[in-house]
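Secondary and tertiary structure notes
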Amino acid sequence: MASQTDICNQALTKIGAERILAITDDTKSARSLSAIWSVKRDAELAAQPWTFAITRAQLPASATAPVFGWNYAYPLPADYLAMVEVGENYVFYQGDPQPLFALEGGSILTDQGSPLNIRYISRVTNTGLYPALFAEALACRLAAELCETMTQSLPKREAAWAERKQAIREAKRVNAIEQPPRYIPPGTWERALILDGY
């Protein structure tokens, strides 16, 4: 598994910048990476439902109910980055026209009683848990973000984003990203047939 330094050096190599020994080095490369590491790591985690970062939780309801619209509020976990499922309802590919919950002000608002079962993308800081394709996607994101500071090269930036897209496609192919069943609501033609009794 890749270390933080491995991922950072992979990003630097993609743009032809000076490699580092650690993100705490007193070099331009290390300072630039240190400034963006946490935010870009969290962004890459939250961008896709990476299976290694999905966590389950049962949340207790808040003592204070929402003022209107919903019966319960559930504070989000401290390591929460993005929602995958609330109860039995997938957030990714959600097609239900009547929402069963809302995310507001650091809480899940819903009419479902306590405890509330959720699956969410958590903040994974241990790089030893990162699959190779996530490490590749993160390195590409870092490379694209560093381009302006390190190289001022638009073609290198575009190449890094293209490589990231390829890493995501490859991750989906090898099932590193969960693809839950997709709800597709009936179209007007199907609804008309149903109403006519077919």
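Up top is the structure.
The notes below deal with the structure included here. (Residues numbered from 1 in each chain as written. Predicted model: local features only at pLDDT ≥ 70, side-chain atom pairs only at ≥ 80, totals over all residues. Heavy atoms only, no water.)

Section: the overall build of the protein chain
From N to C terminus, the protein chain includes 5 helices and 7 strands. In the protein chain, the succession of α and β elements from N to C terminus is α-α-β-β-β-β-β-β-β-α-α-α. Across the protein chain, contacts joining residues at least 24 apart in sequence account for 72% of those joining residues at least 6 apart. Here the protein chain displays about 11100 Å² of accessible surface, and carbon together with sulfur accounts for 54% of that area. (Helix = DSSP H or I, 4+ residues; strand = E, 2+ residues; numbered from the N terminus. Contact = heavy atoms within 4.5 Å. Areas by Shrake-Rupley, 256 points an atom, 1.4 Å probe, with all protein chains shown as cover.)

Remarks on the pattern of salt bridges
Under the criterion given, the structure shown has 10 salt bridges. Here Arg-31 and Asp-26 are joined by a salt bridge, their closest N and O atoms 2.7 Å apart. Take Arg-31: its relative accessible area is 45%, and that puts it in the partly exposed class. Between Asp-42 and Arg-123 there is a salt bridge; the shortest N-O distance is 2.9 Å. A residue pair is termed long-range when its members are at least 10 positions apart, and Asp-42 in helix α2 (residues 28–47) and Arg-123 in the loop between β7 (116–122) and α3 (132–150) qualify at 81 residues. Judged by its relative accessible area of 32%, Arg-123 falls in the partly exposed class. Among the charged side chains, a salt-bridge network with shared partners connects Lys-14, Glu-136 and Glu-163. (Salt bridge = Lys/Arg side-chain N within 4 Å of Asp/Glu carboxyl O. Buried < 20%, exposed > 50% of the residue type's maximum accessible area, 1.4 Å probe, protein only.)

Focus on the packing of α2 against α3
In a packed pair of helices, the relevant descriptors are the angle between the two axes and the axis-to-axis distance. Two numbers describe how α2 lies on α3: the axes approach to 9 Å, and their chain directions differ by 135°. Relative to α3, the element α2 lies oblique. Relative to α3, the crossing made by α2 is right-handed. For the pair formed by α2 and α3, the contact residues are Lys-28, Ser-29, Ser-32, Leu-33, Ile-36, Trp-37, Lys-40, Arg-41, Ala-43, Glu-44, Leu-45 and Ala-47 on the first element and Phe-134, Ala-137, Leu-138, Arg-141, Leu-142, Glu-145, Leu-146, Thr-149 and Met-150 on the second. Split by residue class, the contact of α2 with α3 holds 12 nonpolar, 3 polar and 6 charged. (Axes fitted to C-alpha atoms, helices over the stretch in contact; angles between N-to-C directions. Parallel < 35°, antiparallel > 145°, perpendicular 65-115°, else oblique. Left-handed = near helix turned anticlockwise from the far one by under 90°. Nonpolar A, V, L, I, M, F, W, Y, C, P; charged D, E, K, R; others polar.)

A few points about the packing of aromatic side chains
Any pair of aromatic rings gets described here by the distance separating the centres and the angle formed by the planes. In the structure shown here, the tally under the stated rule is 7 aromatic pairs. Judged by centre distance (6.2 Å) and plane angle (40°), the rings of Tyr-72 and Tyr-74 are tilted. Relative accessible area serves as the criterion here: at 32%, Tyr-72 is assigned to the partly exposed category. Using a relative accessible area of 0% as the deciding quantity, one classes Tyr-74 as buried. Taken together through their ring pairs, the aromatic side chains of Trp-50, Phe-52, Tyr-130 and Phe-134 make up a single cluster. (Phe/Tyr/Trp six-rings, centres within 6.5 Å; stacked < 30°, edge-to-face > 60°.)

As for unusual backbone geometry
Residue Pro-115 is bonded to the preceding Ser-114 through a cis peptide linkage, with omega at -5°. By the secondary structure assignment, Pro-115 is in the loop between β6 (107–110) and β7. The phi angle at Gln-152 is positive, at roughly 50°, despite the residue not being glycine. The topology assignment puts Gln-152 in the loop between α3 and α4 (154–173). Using a relative accessible area of 54% as the deciding quantity, one classes Gln-152 as exposed.

Observations regarding the sheet that holds strand β5 (residues 101–104)
Pairing is antiparallel in the open sheet, where 3 strands are placed in the order β2-β6-β5. At either end of the open sheet lies a strand with only one pairing partner, and these are β2 (72–75) and β5. Neighbour-to-neighbour, the strand axes of the sheet open up by a mean angle of 25°, direction not taken into account. As paired strands, β5 and β6 are joined by 4 bridges and run antiparallel to one another. Residue Glu-104 lies in a different strand from β6, and its bridge partner there is Ser-107. (Pairing = 2+ DSSP bridges.)

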